[in-house]
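Coordinate inspection notes
What follows is the residue order along each chain.
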Amino acid sequence: MEIDSSRISLRPFNLSDVDDFMLWAGDDQVTQFLRWNSFTSREEALTFIKDVSIPHPWHRSICIDDRSIGFIYIFPGSGDERCRAEIGYGLATKYWGQGITSRAVKMALSIVFKDFPDLVRLQAHALVENKASQRVLEKAGFQQEGLLRKYSFVKGKVRDLLIYSLLSTDSYQQTSTP
Amino acid sequence: MEGSSCKSTGEGCVNEFHEISLRHLDLSDIDHFMVWASDEKVTRFCTWEPYTSKEDGINHIKDKVIPHPWFRAICLDNRPIGAISVTANSGNDKCRGELGYVLGYKYWGKGIATRAVKLAANTIFSEWPHLERLEALVDVENVGSQRVLEKAGFQREGVLRKYLILKGKTRDMVMFSLVSSDPRT
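Parameters at a glance
- Residues numbered from 1 in each chain as written.
- Chains lettered and ligands numbered in written order.
- Predicted model: local features only at pLDDT ≥ 70, side-chain atom pairs only at ≥ 80, totals over all residues.
- Heavy atoms only, no water.
- Helix = DSSP H or I, 4+ residues; strand = E, 2+ residues; numbered from the N terminus.
- Buried < 20%, exposed > 50% of the residue type's maximum accessible area, 1.4 Å probe, protein only.
- Contact = heavy atoms within 4.5 Å.
- Areas by Shrake-Rupley, 256 points an atom, 1.4 Å probe, with all protein chains shown as cover.
- Lys, Arg positive; Asp, Glu negative; His and termini not counted.
- Charge placed at Lys NZ, Arg CZ, Asp CG, Glu CD.
- UniProt positions renumbered as here; feature names shortened; annotations may be inferred.
- Phe/Tyr/Trp six-rings, centres within 6.5 Å; stacked < 30°, edge-to-face > 60°.
- Pairing = 2+ DSSP bridges.
- Axes fitted to C-alpha atoms, helices over the stretch in contact; angles between N-to-C directions.
- Buried area = accessible area lost by both parts, 1.4 Å probe.
- Salt bridge = Lys/Arg side-chain N within 4 Å of Asp/Glu carboxyl O.
- Polar contact = N/O pair within 3.5 Å; in protein donor to acceptor, adjacent residues only side chain to side chain.
- Nonpolar A, V, L, I, M, F, W, Y, C, P; charged D, E, K, R; others polar.

An unreviewed UniProt entry annotates chain B as Putative N-acetyltransferase p20 of Morella rubra.

By the naming in an unreviewed UniProt entry, chain A goes by Putative N-acetyltransferase p20 and is assigned to Morella rubra.

This is the structure in structure tokens:
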């Protein structure tokens, strides 16, 4: 049964999210296609929330009933690259397959082009085998631009990555955050 | 070029009296540097504006060229007529480097840039064993440079829309790559 989408929200992380954070950030299934390895301790999670998430330009918890079940971030470029930003996300396995990440991405779209006035391009990189994430991007209106061969290290191995983009001028669905 | 005829195809389109080579650029090359660096036809798709003063050129060589991780003059009979460079990345991006090049306008259309790119690619993959990917981003309107990379054996991977701001405007850029396992001549 699909979750009532009005229960989904985005907000900044707090240190008090640490235990919910560990439930998904400590799960190898969640982190399988991400650049980072699963978190192994509460201390590591607290350090991350304090030193990475809170000072980040735009890092948000995906919440259900205000409890953290995942993350989504937008990381803008600077200088000649300020027209573009990277989007990334992850979600607890128990909530997969219900359109929650897609909803979170659409919520983010309704905010970030206004929050970052120089931004005209959102881009995402996905591993070839990460079909679920590719579907999230396609459903949100992103276009696949190509395969970048041996583009970067992901968990210690040099990998090919698909690149997707969405322009502020493309047609896409937005969802307001409650 | 002094009465020698050039075929329109093929790399290293110079006859047996002329040789294309790469070497370090130094301050004594300033006058050669100014020939291409002051030409707006050459800098049209570069992030920088043409240099107008020799002093600015000297400072550029001192501050940007000499400390650069990999910067070479493209030479015709040991005389600099352009430049080619590879920029390194760090961390997770260490496996890739970005290629850039410029060539004096009167030397365009003779296969010289293609030859320089091939020389640079062969050299960089052996000097940087950690490098697996050499990439180049080319403005969609810069068809001449796209042809150079295709002739040099790079693969066109796609168009990255509104990827960069170049001289105040967002530009679509074509992404090209050569990976260490690609065939090279």
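With that out of the way, let us pick up the overall build of chain B. Within chain B one finds 5 helices and 7 strands. Ordered by position from N to C terminus, the α and β elements of chain B give β-α-α-α-β-β-β-α-β-α-β-β. Seen along its three principal axes, the alpha-carbon backbone of chain B occupies a region of about 45 × 35 × 30 Å. Burial statistics for chain B: of 185 residues in total, 49% are counted as buried. Counted over contacts in chain B with a minimum sequence separation of 6, partners at least 24 positions apart contribute 61%. For chain B, the exposed area adds up to about 9300 Å²; of that, 48% sits on carbon and sulfur atoms. With 25 positive and 25 negative side-chain charges, chain B shows a spacing of 3 Å between the two charge centroids.

Next up on the list: the UniProt feature "domain: N-acetyltransferase" (unreviewed entry) in chain A. The UniProt record marks residues 8-160 of chain A with the feature "domain: N-acetyltransferase" (unreviewed entry), using the residue numbering of this structure. Within the segment residues 8-160 of chain A, helix and strand shares are 32% and 33% respectively, and the terminal C-alpha atoms sit 33 Å apart.

Below, the discussion takes up the packing of aromatic side chains. All names here are of chain A. Enumeration over the complete set of coordinates arrives at 15 aromatic pairs over all chains. Between the aromatic rings of phenylalanine 71 and tyrosine 73, the centroid separation amounts to 6.3 Å while the plane-to-plane angle is 5°, which identifies the pairing as stacked. Look at phenylalanine 71 and you get buried, because its relative accessible area is 4%. Between phenylalanine 113 and tyrosine 172 the ring centres are 5.8 Å apart and the planes differ by 45°, which places this aromatic pair in the tilted class. One end of the pair, phenylalanine 113, is in helix 4 (residues 100-115); the other, tyrosine 172, is in the segment after strand 7 (157-167), with 59 residues separating them in the sequence. Like phenylalanine 113, the residue tyrosine 172 is buried in the burial classification. By the ring-pair criterion, three or more aromatic residues cluster together here, those being Phe13, Phe21, Trp24, Trp36, Phe39, Phe48, Phe71 and Tyr73.

With that settled, consider the sheet that holds strand 2 (residues 71-76) of chain B. Hydrogen bonds along the backbone pair up the strands of a sheet, which may run parallel or antiparallel. All names here are of chain B. One open sheet holds the 7 strands; their spatial order is 1-2-3-4-5-7-6, and the pairing between them is mixed. Looking at the sheet topology across the chains shown, the edges are occupied by strand 1 (20-23) and strand 6 (155-166). Between one strand and the next, the sheet's axes are offset by a mean angle of 30°, whatever the strand orientation. With 6 bridges joining them, strand 2 and strand 3 (residues 79-87) adopt antiparallel strand pairing.

On to the interface of chain A and chain B. Taken together, the contact pairs 26 residues of chain A with 27 residues of chain B. Looking only at chain A, the three residues that lose the most surface to chain B are A:Arg149, A:Lys150 and A:Tyr151, adding up to 33% of its buried area. Between B:Glu157 and A:Arg149 there is a salt bridge, with the nearest N and O atoms lying 3.5 Å from each other. Connecting chain A to chain B are 12 residue pairs in polar contact (both at pLDDT 80 or more). Those elements giving two or more residues to the side of chain A that touches chain B turn out to be strand 5 (121-126), strand 6 (143-154) and strand 7 of chain A. Top contributing element to the side of chain A that touches chain B by residue count: strand 6 of chain A, with 10 residues. Split by residue class, the side of chain A that touches chain B holds 10 nonpolar, 6 polar and 10 charged.

Time to look at the pattern of salt bridges. For the coordinates displayed, the defined rule picks out 25 salt bridges over all chains. Across the pair A:Arg84 and A:Glu81 runs a salt bridge whose closest N-O atoms are separated by 3.5 Å. Here B:Asp39 makes a salt bridge to B:Lys41, at a shortest N to O gap of 3.3 Å. Judged by its relative accessible area of 41%, B:Lys41 is partly exposed. What you see here is one network of salt bridges that share partners, running through A:Arg149, B:Asp93, B:Arg96, B:Arg133, B:Glu135, B:Glu157 and B:Asp182.

Residues and elements named next belong to chain A. Within the open sheet, the 7 strands sit side by side as 1-2-3-4-5-7-6. Their pairing is mixed. At either end of the open sheet lies a strand with only one pairing partner, and these are strand 1 (8-11) and strand 6. When strand polarity is set aside, the average angle formed by the axes of neighbouring strands in this sheet is 30°. Bridge count for strand 1 against strand 2 (residues 59-64) is 4 bridges, and the pairing is antiparallel. Its bridge partner lying in strand 2, arginine 11 is registered against serine 61. This element, helix 4, spans strand 1, strand 2, strand 3 (67-76), strand 4 (84-91), strand 5 and strand 7 of the sheet and lies at about 45° to strand 1.

What follows covers the UniProt feature "domain: N-acetyltransferase" (unreviewed entry) in chain B. Under the present numbering, the feature "domain: N-acetyltransferase" (unreviewed entry) in UniProt falls on residues 20-172 of chain B. For residues 20-172 of chain B, the end-to-end C-alpha separation is 32 Å, with 32% helix and 33% strand making up the annotated structure.

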